[in-house]
Amino acid sequence: MLRAPLPGLRRLGVVIAAAAVLVSGCGHPTDAPRPAAEPTTSGASSAVDQRSTTVGIADSDLLGLPQPQVVDAVGRMKQLGVTTVRLLVPWAAIQPSPDVYDWSMVDKTVNAVSSQHMSILATLNSPPGWAVAPGQPAIAGRPASPAAFGLFAGKVAEHFRGKISAYEIWNEPNWSAFYAPAPDPAGYADLLKAAYPAIKAAAPSALVVAAGLGSVVDHAMITMDPVKFVSGMYTAGARNFFDALAFHPYQYSMKFSESWHPDAPLNQLSEIRRVMLANGDGEKKIWATEYGEPSSEVGEKAQAEYLDDMLGTWRSLSYAGPVYVYTMRDRNSDSREPDDTLGIFRSDGTPKAAQSVVTSYLGMPDVGEGPIPAPR
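Residues numbered from 1 in each chain as written. Predicted model: local features only at pLDDT ≥ 70, side-chain atom pairs only at ≥ 80, totals over all residues. Heavy atoms only, no water.

Asks: Can you help me understand the overall build of the chain in this one?
Replies: Secondary structure summary: the chain contains 11 helices and eight strands in total. A separation of at least 24 residues holds for 75% of the contacts in the chain among residues at least 6 apart in sequence. When the accessible surface of the chain is summed, it comes to about 13700 Å², and 55% of that surface belongs to carbon and sulfur atoms. (Helix = DSSP H or I, 4+ residues; strand = E, 2+ residues; numbered from the N terminus. Contact = heavy atoms within 4.5 Å. Areas by Shrake-Rupley, 256 points an atom, 1.4 Å probe, with all protein chains shown as cover.)

In structure tokens form, the structure reads like this:
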């Protein structure tokens, strides 16, 4: 039986929002292929620091914002002391048809972050309609051709060489909302096998991060336990095709340090580590590429306590890599929907208690009660 709320459930809101943005923003029909912009190292970012003390921000909403608002949000991240940012790099936004590449939507966010000399973890996901398996939806469907995905990944690594430091291959592929019609670790391993050599050929120093798995339990064809998924990846030969593994240890009803439930994120994490050790991957880190707690679920004080507990516990794990807090700003602080209240700032720009927790782990002074800069 699924725990309630399903960890990662808020991501469905991101799927729907991303679909709307991509449909409205990336369709630029043309009869001829667009030439890709030349790779540039202007504002080149540094490598992601893989220590467990590294705290970054994951912000999916940046993709759909106007450029002035993106610049404002990224500037505030810099003020907080953030050194690494997780960005969405959706396939559908860049390659709306097989012969068309449009970099404008993603250039906006990547350039804003790299200009601040922060490292970037780019999540490659959301296939366009022409690239999904027959009968599957755009954005959420699995790719029909791993080779086509590998070609796309290589193009991205070439275009953003010197700006993007690490690539996360897909988002929560153990949930059908992101990998329809059902989780498939062998099929996912094929994506890694196609993307890894293509990325390394274009950007040899870039890291390839696998999975970004949700902390869920088996439920019909909808979700797959992340431990089972990782075991399936190794069985399918994925070992030599990723540099680190990613996990999203959401659980809205218990703190990360709590392990009283057998399927608690901390217990799943320990089991994932056991599987990695059994497959000779003890040197690879596990990154938390998303973690957050909605203030609408527990209140702002408890949201801060959850974040403090997670960040403190995470850095005590010898095999842990960086953690990315989801996210900067509420969509609507008055909402009762968890998707709307994951920010460390309220929707009016004023900081929550969670912001003070994050800045303390970043070694920076509290920004106080003033609002973040208003969008221009």
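Asks: Which parts of the structure should I look at to understand the packing of aromatic side chains?
Replies: Remark: the centre distance and the inter-plane angle together describe each pair of aromatic rings, the angle taken between the planes. Applying the stated criterion to the full structure yields 15 aromatic pairs. In textbook terms, an aromatic cluster arises when at least three aromatic residues are bridged by ring pairs, as seen for Trp91, Trp130, Phe149, Phe152, Trp170 and Tyr179. The lysine or arginine in question, Lys284, covers the ring of Phe242, its NZ or CZ lying 3.8 Å from the ring centre. (Phe/Tyr/Trp six-rings, centres within 6.5 Å; stacked < 30°, edge-to-face > 60°. Lys NZ or Arg CZ within 6 Å of the ring centre and 35° of its normal.)

Asks: What exactly am I supposed to notice about the sheet that holds strand β8 (residues 320-326) here?
Replies: Two modes of strand pairing occur in sheets, parallel and antiparallel, and in both the strands are linked by backbone hydrogen bonds. Ordered by their spatial adjacency, eight strands build a closed barrel running β1-β2-β3-β4-β5-β6-β7-β8, and the pairing between neighbours is parallel. Across the sheet, the mean angle from the axis of one strand to that of its neighbour is 30 degrees, orientation sign disregarded. Both strand β7 (residues 286-291) and β8 contribute to a ladder of three bridges, which runs parallel. Looking at the pairing, Tyr291 lines up with Val325 of β8. Here helix α4 (residues 104-114) sits on the sheet and contacts β2 (84-90) and β3 (119-125); the angle it forms with β2, its principal contact strand, is near 165 degrees. On top of the sheet, helix α10 (residues 300-314) reaches β1 (55-58), β7 and β8; it is set at about 165 degrees to β8, its chief contact. (Pairing = 2+ DSSP bridges. Axes fitted to C-alpha atoms, helices over the stretch in contact; angles between N-to-C directions.)

Asks: How do you make sense of the pattern of salt bridges when you look at a structure like this?
Replies: Going through the model one piece at a time under the given rule, you end up with 12 salt bridges. One salt bridge in this structure joins Glu290 and Arg86, with 2.8 Å as the shortest N-O distance. Of this pair, Glu290 sits in strand β7 while Arg86 sits in strand β2, and the two are 204 residues apart along the sequence. In this structure Arg86 comes out as buried when scored by relative accessible area, which is 3%. Glu271 is the partner of Arg274 in a salt bridge, and the nearest nitrogen-oxygen pair spans 2.9 Å. Here Arg274 and its partner Glu271 are both found in helix α8 (residues 265-278), three residues apart, which amounts to about one turn of the helix. In this structure Arg274 comes out as partly exposed when scored by relative accessible area, which is 45%. Assessed through its relative accessible area of 34%, Glu271 is described here as partly exposed. Because the salt bridges share partners, they merge into one network encompassing Arg86, Glu168 and Glu290. (Salt bridge = Lys/Arg side-chain N within 4 Å of Asp/Glu carboxyl O. Buried < 20%, exposed > 50% of the residue type's maximum accessible area, 1.4 Å probe, protein only.)

Asks: Sorry, what's going on with α4 here?
Replies: Spacing of three or four residues puts side chains on the same side of an α-helix, whose turn is 3.6 residues. Taken across its 11 residues, α4 has nine buried, putting it largely inside the fold. All of the buried residues along α4 are Met105, Val106, Asp107, Lys108, Thr109, Val110, Ala112, Val113 and Ser114.

Asks: Could you clarify how one ought to interpret the confidence of the model for the chain in this entry?
Replies: Should pLDDT be low for a region, the predicted coordinates there are not to be read in detail. Per-residue pLDDT for the chain averages 89, and the proportion of residues at 70 or more is 85%. Per-residue pLDDT stays below 50 along residues 23-42; that stretch engages in 29 contacts with residues further than four places along the chain or on separate chains. (pLDDT = per-residue confidence, 0-100.)

Asks: Please explain unusual backbone geometry as it appears in this structure.
Replies: Glycine aside, a negative phi is what most residues show, and trans is what most peptide bonds show. Between Ala180 and the following residue, Pro181, the backbone shows a cis peptide bond with an omega angle of 15 degrees. Structurally, Pro181 is set in the loop between β4 (166-169) and α6 (185-202). The step from Tyr326 to Thr327 runs through a cis peptide bond, and the omega angle for that step is 10 degrees. We note that Ala220 has phi near 50 degrees; this positive angle belongs to a residue other than glycine. Secondary-structure assignment places Ala220 in the loop between β5 (207-214) and α7 (226-235).

Asks: Please clarify how the environment of Ala302 should be interpreted in this entry.
Replies: Residue position: Ala302 is located in helix α10. Assessed through its relative accessible area of 16%, Ala302 is described here as buried.

Asks: Please explain the pairing of β2 as it appears in this structure.
Replies: On any regular strand, side chains alternate: one points to one face of the sheet, the next to the other face. For β2, the tally of buried residues reaches seven of seven residues, placing the bulk of the element in the interior. Burial along β2 is two-sided: the residues Thr84, Arg86, Leu88 and Pro90 and Val85, Leu87 and Val89 are all buried. As paired elements, β1 and β2 share two bridges and run parallel to each other. In the sheet register, Ile57 faces β2, and the bridge partner there is Val85. Each parallel crossover has a hand, and for β1 linked through helix α2 (residues 67-80) to β2 it is right-handed. Pairing analysis gives seven bridges linking β2 to β3, with the strands arranged parallel. Among the inter-strand pairings, Pro90 is bridged to a residue of β3, identified as Asn125. (Right-handed = clockwise from strand over helix to strand, strands pointing away.)

Asks: Got a minute to help me understand the side chain of Asn125 in this structure?
Replies: Among the structural elements, Asn125 can be located in strand β3. Accessibility expressed as a relative area gives 6% for Asn125, which makes it buried. There is a polar contact of 3.3 Å between the side chain of Asn125 and the side chain of Ser126. (Polar contact = N/O pair within 3.5 Å; in protein donor to acceptor, adjacent residues only side chain to side chain.)

Asks: Got a minute to help me understand the nonpolar core in this structure?
Replies: The tendency in soluble globular proteins is for nonpolar side chains to be buried as a group. Formed by 91 residues in total, the largest nonpolar core has its most connected members in Tyr167 and Ile169. Among the elements that take part in this core, α6 stands out by supplying eight residues, more than any other. (Core = buried A, V, L, I, M, F, W, Y, C linked by side-chain atoms within 4.5 Å.)

Asks: Quick question: what am I supposed to make of α8 here?
Replies: Given a rise of 1.5 Å per residue, 14 residues ought to cover 20 Å, and the 20 Å separating the end C-alpha atoms of α8 matches this to within 8%. Looking at α8, one finds that the buried residues are Pro265, Leu266, Gln268, Leu269, Ile272, Arg273, Val275 and Met276. Residues of α8 that are buried in the fold lie against α7, β6 (244-248), β7 and α10. Of the residues trailing α8, Gly280 is marked for its positive phi of about 75 degrees. (Expected span 1.5 Å × (residues − 1).)

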